Amino acid sequence: HLHYCLSGHPTLPCNVLKFKSTTIMLDCGLDTTSVLQFLPLPLVHSPRLSKLPGWVSKDGTINLEKELKECAGRVFVDSQPEFCLPEKELLDLSTIDVILISNYHCMMALPYITEHTGFTGTVYATEPTLQIGRLLMEELVNFMERVPKAQSATCWKYKEIQRLLPGPLKDAVEVSTWKRCYSIQDVNSALSKVQLVGYSQKVELFGAVQVTPLSSGYSLGSSNWIIQSHYEKVSYVSGSSLLTTHPQPMDQSSLKNSDVLILTGLTQMPTANPDGMLGDFCSNLAMTIRAGGNVLVPCYSSGVIYDLLECLYQFIENANLGSTPFYFISPVANSSLEFSQIFAEWLCHNKQSKVYLPEPPFPHAELIQTNKLKHYPSIHGDFSSEFRQPCVVFTGHPSLRFGDVVHFMELWGKSTLNTIIFTEPDFSYLDALAPYQPLAMKCVYCPIDTRLNFHQVSKLLKEVQPLHVVCPEQYTQPPPAQSHRSDLMLELQPPPMPYRRCSVLGLPFRRRWERIQLLPELAKSLVPSEIKPGISVATVSAVLQSKDNKHTLQPVPKPPPLPPSKKRKRVVEEPPEVLAPKPLLSGAVPLEAFLAMLHKHGITEVKVEETADGHILHLQAEDTLIQLEDDGTHIVCDDNEPLRTALRDLVLRFLMKF
């Protein structure tokens, strides 16, 4: 049983599990933090960005003016943003049988894996994961294709040049493998390989392994996975939440009795309380609007935005913000808002119950009806004519490198009245803002990450009690910025087994048992005999058939009757004769009693030697050895058949036959 780690980012995992002759990929997250090294893609021509100076090394030996631009003391790549992919060299990805997806954030690298590696397997995911994942992928492709970049920067990636570059660029990892975004054809082809599953549905893989998704409580349709055979059980816990937000609550009890629990996707903000952050979000937003400024919220088009809108819905009336327009701008805004209303069975109980009243489960439906929330595919078209300030804009991408958010940064960045509020925890907000410096607008950091924190996960592990825990090495020590906080790490007994990008772990359980079915007619023919009180044994002669990892014992086929005709044209091949099985022997040969028996039969010169497993008896006069061991008895005797048979019969007197 092996575990391969293909991604160094614990919240965007990509692991591979070899388990009982199947190869299972667990998630394929796309590490988008690499885009922070690139200049933003502006939707309309930006004089500021186009005037940035190119970078030349101090001594003038390296000139990368065409590829690298300098802004406020940092250097950025001026080219189409690129992503850091899961590791492709560690194992042959065409051998992967299935991919299990936990949630829509953890599937963004799917097209890279399924389309360009020879993958021929199946992908399993729930319906909301597939549909919202599709929206996020379409949005990403749209953001990239809307602003085509002519040049592609490659020189800066050469190892000998990269190490001479300044700051974060010098330390960026695996840059040679970074790739541009996939195409919409890749997305459609990758998603056509997805098979839909529901919570607690058991899926058989090749008869060897059964996989089951469980609700993880983090996002619509998000899942943890159980991977089990008859005798072993692995749980994969990724991106789970115990908070009561909009998804169905987490199923914890099904994780019990795991041999190994693979744990990843914990909160990226272990010290920030999501409820407190929501409060800060609302009060900062109100303060800015009252002062006549605009609020920009860089966000993904699904997930936390539903909770932000719900929170604002309750807050608007009390704070007298009823007349402030809220805009949600995304190529997939419309679909996202509609999907959240139709996936009723994936919602928490109180939202589900609203579906049966004539009432939408999420309040943003009412915000749209009353014209308080408007959504647009982009800033071009209707939005530009209807846009009025001061307002609140929700738009992507949270990295501030592409999407409509770039336009608002350029538009609002110069005024101290405006505020940008970061709620997504995936990107360092200082790095996100770097290419916009110097910036006058206010910045507020309210990261909302509802995933499990260390306190919750320790409590969870105490309840479900896995024998072993496997997790990213980042979880086995406190965060670098808070090295004294031993409460911000996993402390377990036995200690967790850590992994990092490109590591291969042997999982600590061995296969000891296989389940074998007996066919009824074979079972009928067995004759058990009691060897100890309460323990009966029967011998069985059968043919073992193994197919699709299922093993069956079948009766030995009977020889077919000979054809009645006397004239044989050709010799009919006789089937092999099936002999009656020899009786099996059990018991032990007691040394003292055996020596006494030999003595009685005239064998007196016996030298006894102790071995690790028993004894060797050397019959000196007869030049014969008898090895007595726990699991066998050997008589070594040259050219004296009568003696060998006599000794055999003496040994047999001590043993039971059945």
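Residues numbered from 1 in each chain as written. Predicted model: local features only at pLDDT ≥ 70, side-chain atom pairs only at ≥ 80, totals over all residues. Heavy atoms only, no water.

1. Some points on the packing of aromatic side chains
Both the distance between ring centres and the angle between the ring planes are used here to describe each pair of aromatic rings. Definition in use: By convention, a stacked pair of Phe, Tyr or Trp rings (six-membered ring in the case of Trp) has centres within 6.5 Å and planes under 30 degrees apart, an edge-to-face pair has planes over 60 apart, and any other such pair is tilted. Using a 1.4 Å probe on the protein chains alone, a residue whose accessible area is under 20% of its type maximum counts as buried, one over 50% counts as exposed, and one in between counts as partly exposed. The criterion is that NZ of a Lys, or CZ of an Arg, lies within 6 Å of the ring centre and within 35 degrees of the ring normal, and then a charge sits over that ring.
Applying the stated rule across the entire model yields 20 aromatic pairs. Look at Phe383 and Phe387: their rings are 4.9 Å apart centre to centre, the planes differ by 40°, and that puts the pair in the tilted class. Judged by relative accessible area, which is 3%, Phe383 ranks as buried. For Phe387, a relative accessible area of 22% translates into the label partly exposed. An aromatic cluster is defined as three or more aromatic residues linked by ring pairs; in this entry it consists of Tyr327, Tyr376, Phe383, Phe387, Phe408 and Trp412. Sitting above the plane of the Phe362 ring, Lys351 keeps its charged end 5.0 Å from the centroid.

2. A short note on the nonpolar core
Test applied: Throughout, nonpolar core names a set of buried Ala, Val, Leu, Ile, Met, Phe, Trp, Tyr and Cys residues whose side chains join them through atoms within 4.5 Å. The way it works is that DSSP assigns letters per residue, a run of H or I at least four long becomes a helix, a run of E at least two long becomes a strand, and they are numbered from the N terminus. The split into domains, and so the bounds of each, comes from an automatic or database assignment of domains. Contacts are assigned to residue pairs that have any heavy atoms within 4.5 Å of one another.
Counting 108 residues, the largest nonpolar core has Met25, Ile99, Leu110, Phe281 and Phe394 as its most contacted members. The biggest single contributor to this core is helix α3 (residues 127-146), with 9 residues. Residue contributions to this core reach at least three from each of two domains, namely domain 1 (2-270 + 451-506) and domain 2 (274-445). Among all residues touching Met25, those that are not within four sequence positions of it are Leu6, Cys14, Asn15, Val16, Leu93, Ile96, Val98, Ile99, Leu100 and Ile113. With 26 residues, the next largest nonpolar core counts Phe19, Ile24, Val260 and Ile262 among its residues.

3. Details of the layout of surface pockets
Our working rule: A pocket here means an open set of points on a 1 Å grid, computed over the protein atoms alone, that has protein on both sides within 12 Å along at least five of seven lines. A cavity is instead a set of points where a 1.4 Å probe fits but cannot get out; residues with an atom within 4 Å of a point line either one. Grid points are joined across faces, edges and corners, and a volume is the space filled by probe spheres set on the points. Three classes are used, and their members are as follows: Ala, Val, Leu, Ile, Met, Phe, Trp, Tyr, Cys and Pro are nonpolar, Asp, Glu, Lys and Arg are charged, and the others, Gly among them, are polar.
Roughly 1300 Å³ of volume is contained in the largest pocket. Contributing to the lining of the largest pocket are 38 residues, with His9, Pro10, Thr33, Gln268 and Gln474 lying nearest its centre. When grouped by side-chain class, the residues that make up the lining of the largest pocket number 19 nonpolar, 12 polar and 7 charged. Counting only domains with at least three residues in the lining of the largest pocket, you end up with domain 1 (2-270 + 451-506) and domain 2 (274-445). Computed from the structure, the second largest pocket encloses a volume of approximately 430 Å³. Along the walls of the second largest pocket sit 22 residues, with Val589, Gly632, Thr633, Val651 and Leu655 positioned nearest its centre. Elements supplying a minimum of two residues to the lining of the second largest pocket: β28 (585-586), β30 (614-619), β31 (624-629), β32 (632-637) and α18 (641-653). Residue composition of the lining of the second largest pocket, by class: 10 nonpolar, 6 polar and 6 charged.

4. Side note on the sheet that holds strand β11 (residues 223-228)
Test applied: Think of it this way: DSSP has to see at least two bridges between two strands before they count as a pair. Geometry is summarised by axes, namely lines fitted to C-alpha atoms with helices restricted to the contacting stretch, and by angles between N-to-C directions that run from 0 to 180 degrees.
In spatial order, the strands read β9-β10-β11-β12-β13-β20-β21; together these 7 strands make up an open sheet with mixed pairing. In this open sheet, the two edge strands, each paired with only one partner strand, are β9 (203-205) and β21 (497-499). Averaged over all neighbouring strand pairs, the angle between strand axes comes to 20°, with direction disregarded. Bridge count for strand β20 (residues 468-472) against β21 is 3 bridges, and the pairing is parallel. Within the sheet, the bridge partner assigned to Pro472 lies in β21 and is Tyr499.

5. As for the domain arrangement of the protein
For an interface, size is often stated in terms of accessible area lost upon the parts coming together. Domain boundaries in the protein define domain 1 (2-270 + 451-506), domain 2 (274-445) and domain 3 (585-657). Each of domain 1 and domain 3 has a C-alpha centre, and the two are 65 Å apart.

6. Some words on empty space enclosed by the protein
Under the defined criterion, the tally for this structure stands at 4 cavities of 30 Å³ or more. Estimates place the volume of the largest cavity at around 210 Å³. Residue classes in the lining of the largest cavity are distributed as 7 nonpolar, 8 polar and 5 charged. Here the lining of the largest cavity gathers at least three residues from each of two domains, domain 1 (2-270 + 451-506) and domain 2 (274-445). By volume, the second largest cavity amounts to about 160 Å³. Along its surface, the second largest cavity is lined by Leu12, Leu30, Thr32, His105, Met108, Leu136, Glu139, Leu140, Tyr300, His397 and Asp426. Across the lining of the second largest cavity, the residue classes break down as 6 nonpolar, 3 polar and 2 charged. In terms of domain composition, the lining of the second largest cavity takes at least three residues from each of domain 1 (2-270 + 451-506) and domain 2 (274-445).

7. Some details on the side chain of Thr129
So the rule is basically this: Whenever two N or O atoms come within 3.5 Å, that pair is a polar contact, provided that in protein one can donate a hydrogen and the other can accept it, and provided that, for residues adjacent in sequence, both atoms are side-chain atoms.
Here Thr129 is to be found in helix α3. A distance of 2.9 Å separates a polar atom in the side chain of Thr129 from a polar atom in the side chain of Thr126. Every residue in contact with Thr129, bar those within four places of it in the chain, is listed here: Ile101, Ser102, Asn103, Tyr104, Met107, Leu220, Gly221 and Ser222.

8. Side note on the pattern of salt bridges
Should their charged atoms come close, side chains of opposite charge can pair. The criterion, for reference: Whenever Lys or Arg places a side-chain nitrogen within 4 Å of a carboxyl oxygen from Asp or Glu, that contact is recorded as a salt bridge.
Overall, the coordinates contain 18 salt bridges when judged by the stated rule. Where Glu204 meets Lys550, a salt bridge forms, and the shortest distance between an N and an O atom there is 3.7 Å. Remark: Lys550 occurs in strand β27 (residues 550-554) and Glu204 occurs in strand β9; sequence separation between them is 346 residues. With a relative accessible area of 46%, Lys550 lands in the partly exposed category. Here Lys351 ties to Glu310 by a salt bridge, and the two come within 3.0 Å at their closest N and O atoms. Placement of the pair is Lys351 in helix α10 (residues 349-355) and Glu310 in helix α8 (residues 304-318), with a sequence separation of 41 residues.

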